[in-house]
2 protein chains.
Amino acid sequence: MKAIQVQNLGKRSSLTIGEVQTPKPSSSEILVQIKATALNRADLLQRTGNYPPPEGASEILGLEMSGVVEQVGDKVTKWQPGDRVFGLLAGGGYAEYCTIHEDMAMEIPENLSFEKAAAIPETFLTAFQALDWLGKLQEKETVLIHAAGSGVGTSAIQLAHHLFDAQIIATAGKQHKLDTAKELGADFAYNYKEQNYAKEIINDIGKDSVDVIVDFIGKPYWHKNMDVLAMDGRVVYLSFLGGHKIEELSLVPILRKRLTVMGSTLRNRSEDYKIRLTQAFASKTLTLFKDKTLEPVIDSTYDWTETEAAHQRMQNNKNTGKIVLTGM
Amino acid sequence: MKAIQVQNLGKRSSLTIGEVQTPKPSSSEILVQIKATALNRADLLQRTGNYPPPEGASEILGLEMSGVVEQVGDKVTKWQPGDRVFGLLAGGGYAEYCTIHEDMAMEIPENLSFEKAAAIPETFLTAFQALDWLGKLQEKETVLIHAAGSGVGTSAIQLAHHLFDAQIIATAGKQHKLDTAKELGADFAYNYKEQNYAKEIINDIGKDSVDVIVDFIGKPYWHKNMDVLAMDGRVVYLSFLGGHKIEELSLVPILRKRLTVMGSTLRNRSEDYKIRLTQAFASKTLTLFKDKTLEPVIDSTYDWTETEAAHQRMQNNKNTGKIVLTGM
């Protein structure tokens with residue numbers, strides 16, 4: 001099969017389409033003909049050599065896909081050739097074919113295109129994990145979602161709105177991202193470049209008012225996060241785009257407000273964990289994708305021969321929502 | 001009734017026994033004639049004026065007691081006068097009588113003295129909350145317990161050993177405290193004054209080997225804690241005896257190892273929470289106290305007319321285990 005390959009892993013890496021072995025499904029796996037995949041920051045990191053795929057995962061980039069079942073393993077009971085599926089991968093999405101455990105695949109709801117389906121798994125599962133499994137967001141609680149224009153951000157806002165009826169605060173650095181956040185369900189949206197979001201929150205909602213924070217930024221937001229968190233508040237870190245080193249930090253709020261600070265990435269979780277997460281997510285959301293209550297925000301779609309340009313767009317933070325690759 | 005009263009709340013406070021109103025049990029409360037109470041660091045803080053009792057709580061010092069039921073409220077079904085009970089208080093232990101919600105009281109196991117029963121609630125419930133409810137310690141996991149000679153430390157070691165069959169690492173600053181820790185079930189015990197416990201743990205057990213840390217120290221241990229925590233590790237902060245300000249902290253381990261950092265104090269929890277915690281604790285441990293598998297470590301017992309000397313002993317960190325007051 002054809003697959004995108006990284007030449008010169010490192011700072012000057014480039015991408016080419018080459019010929020590789022088509023993977024073979026194990027007895028509990030299905031072989032999927034990929035119709036679309038989508039970009040993640042992990043892809044950009046992986047080609048620099050700084051984020052190697054976890055053990056056992058494909059070396060090929062691509063952490064999610066949609067496509068059509070081509071072949072099923074001996075013990076597969078859920079799927080048959082021709083079924084439309086989508087799901088999370090530990091790698092291997094930038095290719096014509098991939099294998100996936102039958103329980104990791106979800107059925108594409110009617111009327112949902114391959115392009116849209118491919119844009120769902122990473123961001124929505126990450127957001128679902130952060131809000132539900134880690135942050136333990138409860139109905140009507142207040143949630144603060146940073147990097148609200150990102151794929152995970154736009155997904156988290158929708159899930160917080162439709163699954164938890166939460167009071168949602170979003171931060172982003174561009175007006176159009178804040179507008180999107182509000183359209184998706186954010187009640188408050190602050191421009192971190194122009195506003196001190198902590199002051200705004202205390203002013204608009206009150207002191208110690210945020211139950212859950214989903215943070216991708218890290219360092220620049222630590223103190224403000226501590227200031228706005230409510231009693232028993234929780235912070236879930238998914239990345240540190242703004243740096244990770246904090247000078248002078250007091251642990252007092254953690255004790256005084258009984259806070260929980262945690263971090264998680266999805267990729268290095270066990271397959272068993274990802275299966276359970278996928279199943280929990282699918283049972284709560286697939287009908288909502290079907291009736292378009294939930295919709296992935298798609299920034300742009302590129303033919304996979306132009307993946308380099310797609311990567312550049314993400315590298316330059318130009319995207320609001322997901323960048324999709326098609327045409328395999 | 002007689003009760004110990006704080007004169008001159010502040011740095012020069014003193015204690016006297018005075019006459020105050022005997023509390024009246026509400027319909028769901030019992031009135032207990034107190035036979036013993038025990039000291040907590042919160043008592044020392046409260047008399048300085050820096051740790052006021054939570055709303056609704058007695059102004060009188062004392063967060064735990066054992067005694068005999070004197071009178072029961074209209075709706076009380078569990079107890080009758082003459083029953084031997086012990087339990088957690090939000091305040092009011094340094095007195096002849098106290099009231100307590102019937103569901104917050106536990107029956108004193110046969111053969112357990114009032115003195116020993118009074119030494120159980122704060123430290124064992126705090127340790128149980130830290131290990132089970134917050135740290136989610138699992139059978140056979142590895143737990144690191146700092147300040148192992150303290151009341152909570154000695155309780156946590158016993159619970160980790162008998163309820164979770166955990167691999168237990170203890171730290172303390174005195175050899176006799178380390179000896180006690182080992183007698184109670186610690187597999188490894190390090191003197192933090194003479195040893196770098198992180199290096200010792202990595203050497204004796206391995207890298208990234210600690211699943212749960214119970215920490216009362218804070219600042220001086222942050223980096224070492226991060227170094228030894230395992231994937232999906234958890235840190236529970238109960239106080240910051242060594243300070244709370246950390247210079248130069250990296251958030252990276254939190255994400256890379258998917259850590260959870262949390263803080264909690266027991267006192268300001270809701271009554272409902274304390275009832276659920278007490279019930280969960282009682283159901284798992286009372287038979288173990290009865291057959292002496294679990295035993296509170298008692299440092300010393302003072303007549304309550306000598307409470308000032310008892311406070312001095314705790315202030316000077318002379319105690320290993322609990323300091324009990326009797327003779328009310």
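Placed above this text is the structure.
Residues numbered from 1 in each chain as written. Chains lettered and ligands numbered in written order. Predicted model: local features only at pLDDT ≥ 70, side-chain atom pairs only at ≥ 80, totals over all residues. Heavy atoms only, no water.

### Structural notes on a negative patch on the surface
Negative charge collects at one region of the surface, where Glu 247 and Glu 248 of chain A together with Glu 247 and Glu 248 of chain B lie side by side. Tracing the sequence through the fold places Glu 248 of chain B in the loop between strand 13 (245-246) and strand 14 (249-250). By relative accessible area, Glu 248 of chain B is classed as partly exposed at 42%. (Patch = residues over 30% accessible without salt bridge, like charges linked within 9 Å, V, L, I, M, F, W, Y side chains within 5 Å. Areas by Shrake-Rupley, 256 points an atom, 1.4 Å probe, with all protein chains shown as cover. Salt bridge = Lys/Arg side-chain N within 4 Å of Asp/Glu carboxyl O. Lys, Arg positive; Asp, Glu negative; His and termini not counted. Charge placed at Lys NZ, Arg CZ, Asp CG, Glu CD. Helix = DSSP H or I, 4+ residues; strand = E, 2+ residues; numbered from the N terminus. Buried < 20%, exposed > 50% of the residue type's maximum accessible area, 1.4 Å probe, protein only.)

### Section: the side chain of Arg 267 of chain B
All names here are of chain B. The residue Arg 267 is located in the loop between strand 15 (260-263) and helix 9 (271-290) in this model. One buried charged residue, Arg 267, remains without a salt bridge, the closest side chain of opposite sign being Asp 43 at 6.3 Å. Within the structure, the side chain of Arg 267 is placed 3.2 Å from the backbone oxygen of Ala 90, a separation counted as a polar contact. Ignoring any residue separated from it by four or fewer positions in sequence, one finds Arg 267 in contact with Ala 42, Gln 46, Tyr 51, Pro 52, Pro 53, Pro 54, Leu 63, Ala 90 and Lys 274. (Polar contact = N/O pair within 3.5 Å; in protein donor to acceptor, adjacent residues only side chain to side chain. Contact = heavy atoms within 4.5 Å.)

### So, the relation of the copies chain B and chain A
The two copies are related by a screw motion: chain B maps onto chain A through a turn of 180 degrees and a shift of 0.0 Å along the axis, at an RMSD of 0.0 Å. Put plainly, the chains are arranged around a two-fold axis. Both copies present the same face, since 100% of the interface residues in chain B are matched by interface residues at the equivalent positions in chain A. (Least-squares fit on C-alpha atoms with pLDDT ≥ 70 in both.)

### Details of the interface of chain B and chain A
Between chain B and chain A, the residue contacts involve 31 residues of the former and 31 residues of the latter. Here chain B packs against chain A, burying approximately 2,600 Å² in sum over the two surfaces, 63% of which is carbon and sulfur. Summed over the three residues of chain B that lose the most area to chain A, namely Leu 251, Leu 255 and Arg 258 of chain B, the buried surface amounts to 27% of that side. Linking chain B with chain A are 2 salt bridges. In this structure, the salt-bridge partner of Arg 269 of chain B is Asp 232 of chain A, at a minimum N-O distance of 3.5 Å. On the surface where chain B and chain A come into contact, there are 14 residue pairs in polar contact (both at pLDDT 80 or more). If you list the elements that add at least two residues to the side of chain B that touches chain A, you get strand 12 (229-237), strand 13, strand 14, helix 8 (252-256) and strand 15 of chain B. The class makeup of the residues in the side of chain B that touches chain A is 14 nonpolar, 9 polar and 8 charged. Here strand 13 (residues 245-246) of chain A pairs with strand 14 of chain B via 2 bridges, running antiparallel. Residue Lys 245 of chain A lies in a different strand from strand 14 of chain B, and its bridge partner there is Ser 250 of chain B. (Buried area = accessible area lost by both parts, 1.4 Å probe. Nonpolar A, V, L, I, M, F, W, Y, C, P; charged D, E, K, R; others polar. Pairing = 2+ DSSP bridges.)

### Points about the packing of aromatic side chains
Enumeration according to the criterion identifies 18 aromatic pairs over all chains in this entry. Geometrically, the ring pair formed by Phe 124 of chain B and Phe 289 of chain B is edge-to-face, given 5.0 Å between the ring centres and 80 degrees between the ring planes. With Phe 124 of chain B in helix 3 (residues 121-134) and Phe 289 of chain B in helix 9, the pair connects residues that are 165 residues apart, well separated along the chain. Residue Phe 124 of chain B shares its accessibility class with Phe 289 of chain B, and that shared class is buried. Seen in terms of ring centroids, Trp 222 of chain B and Tyr 237 of chain B are 6.4 Å apart; in terms of plane orientation they differ by 5 degrees. Their pairing is stacked. Of this pair, Trp 222 of chain B sits in helix 7 (residues 222-228) while Tyr 237 of chain B sits in strand 12; the two residues are 15 residues apart in sequence, bridging distant segments of the chain. Its relative accessible area of 1% is what places Tyr 237 of chain B among the buried residues. Feature note: the residues Phe 124, Phe 128, Phe 281 and Phe 289 of chain A constitute an aromatic cluster, connected by ring pairs. The ring of Phe 114 of chain A carries the charged tip of Arg 84 of chain A above its face, separated from the ring centre by 5.0 Å. (Phe/Tyr/Trp six-rings, centres within 6.5 Å; stacked < 30°, edge-to-face > 60°. Lys NZ or Arg CZ within 6 Å of the ring centre and 35° of its normal.)

Fair warning: the whole summary comes from geometry, so function is off the table for now.
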